[in-house]
Amino acid sequence: MTDAAPSTAPASTPDPITALLAVLDVAPGAGPDAFTAASLPKPGGRVFGGQVIAQALVAAGRTVPDGRLPHSLHGYFLRAGEVGTPIELGVERLRDGRSFSARRTHAAQDGDPILSMIASFQEDQPGVEHTEPAPEVPAPEDVESAMDRMGHLDHPVARFWTHESAFDVRHVGGSLYLGPASTPEGRQRVWMRAKGALPDDQLLHRALLAFACDQIMLEPVLRRAGLSWLTPGLSVASLDHAMWWHRDVRVDDWLLFDQDSPSAQGGRGLGSTRVFDRSGALVATIAQEGMVRVPAA
């Protein structure tokens, strides 16, 4: 991307928020608790993992009693999906208790599973409460955005993460888009916010957080190893994803992702993230392991 000529977004580029909301609005499928969904275009033609796990969560959420919201999910990415093939979502009702509901969602294309996810939903209830404090970082207005860094580049990947992205992403201390960090370390902090106002729907906001986080979850692994997204021969793929929502969240307001990587080994790396809202409340905790491979020297 470093040799690309400057460019601006094509006039025909659809509104990214509208496009994202459309693919998350899963449609009824053939049979009970079955849904179908389309995919956002993506360079390389592979389905973005955050998209399919968000769709699986929305599908599961449409089968639970009113007033129950997701508080946790655990999912495995089984194989790469193709953006031109419809995604079939089947929800299994595991249990509906007095306060909790459990659902399993399988996502498939042409009969082949691409994701298996289990999620738990809970009614709003009182209880013991505490939260870890948010780290001290510069305000998002004082941090360079992905658009600032790559928006002028005429390259499909650069356009996908800038003009075509529904999120404004701002890395505190610099991104890994065009080169490695100056100092290899596992700590990374990122501000993120949707580029437009969103409906007042907590299931949707929680699904959108699952969508958004997937693009940065493994970056602490790369950062600690002295790698960047432009490292020759780099191969990265999400393997599993775990997420806990602690409080209501709005992704159309700034969220701070406080990240690190406790371990990497065997061609795999683990990324962990705490998500704070701008007031400093901890709204979610996320973990993801991924395949991270580079050619042998």
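Residues numbered from 1 in each chain as written. Predicted model: local features only at pLDDT ≥ 70, side-chain atom pairs only at ≥ 80, totals over all residues. Heavy atoms only, no water.

Peer 1: Looking at this structure, I do not really get the sheet that holds strand 5 (residues 100-109). What am I missing?
Peer 2: Paired through backbone hydrogen bonds, the strands of a sheet run either parallel or antiparallel to each other. In spatial order, the strands read 1-2-4-5-6-3-9-12-11-10-8-7; together these 12 strands make up an open sheet with antiparallel pairing. Either end of the sheet is taken by a strand with one partner, and the two such strands are strand 1 (27-28) and strand 7 (167-172). In this sheet, strand 5 lies alongside strand 4 (residues 87-96) in antiparallel orientation, the contact comprising 8 bridges. Bridge assignment links Glu 88 to a residue of strand 5, and that residue is Ala 108. Against the sheet, helix 2 (residues 49-61) makes contact with strand 2 (34-37), strand 3 (68-77), strand 4, strand 5, strand 6 (112-123) and strand 9 (235-245), and its axis sits at roughly 50° relative to strand 6, the strand it touches most. (Pairing = 2+ DSSP bridges. Helix = DSSP H or I, 4+ residues; strand = E, 2+ residues; numbered from the N terminus. Contact = heavy atoms within 4.5 Å. Axes fitted to C-alpha atoms, helices over the stretch in contact; angles between N-to-C directions.)

Peer 1: Quick question: what am I supposed to make of helix 1 (residues 16-24) here?
Peer 2: Those residues of helix 1 that sit buried are Pro 16, Ile 17, Leu 20, Val 23 and Leu 24. Each buried residue of helix 1 lies within a common arc of 135° when the element is viewed along its axis, so the set occupies one face. Exposed side of helix 1, more than 90 degrees from the buried face: Thr 18 and Ala 22 are the residues found there. Packed against the buried residues of helix 1 are strand 2, helix 2, strand 7, strand 8 (188-194) and helix 5 (202-213). (Buried < 20%, exposed > 50% of the residue type's maximum accessible area, 1.4 Å probe, protein only. Arc of directions from axis to C-beta.)

Peer 1: Help me understand the pattern of salt bridges, please; the structure alone is not making it clear to me.
Peer 2: Here the idea is simple: oppositely charged side chains can pair when their charged atoms come close. This model, assessed by the stated rule, comprises 17 salt bridges. Across the pair Glu 92 and Arg 104 runs a salt bridge, and its minimum N-O distance is 3.0 Å. Of this pair, Glu 92 sits in strand 4 while Arg 104 is found in strand 5, placing the two residues 12 residues apart along the sequence. For Glu 92, a relative accessible area of 36% puts it in the partly exposed group. The exposure class assigned to Arg 104 is partly exposed, which follows from its relative accessible area of 27%. Between Arg 250 and Asp 252 there is a salt bridge whose closest N-O contact spans 3.0 Å. Taken together, the salt bridges that share partners define one network made up of Arg 187, Arg 189, Asp 258 and Arg 274. (Salt bridge = Lys/Arg side-chain N within 4 Å of Asp/Glu carboxyl O.)

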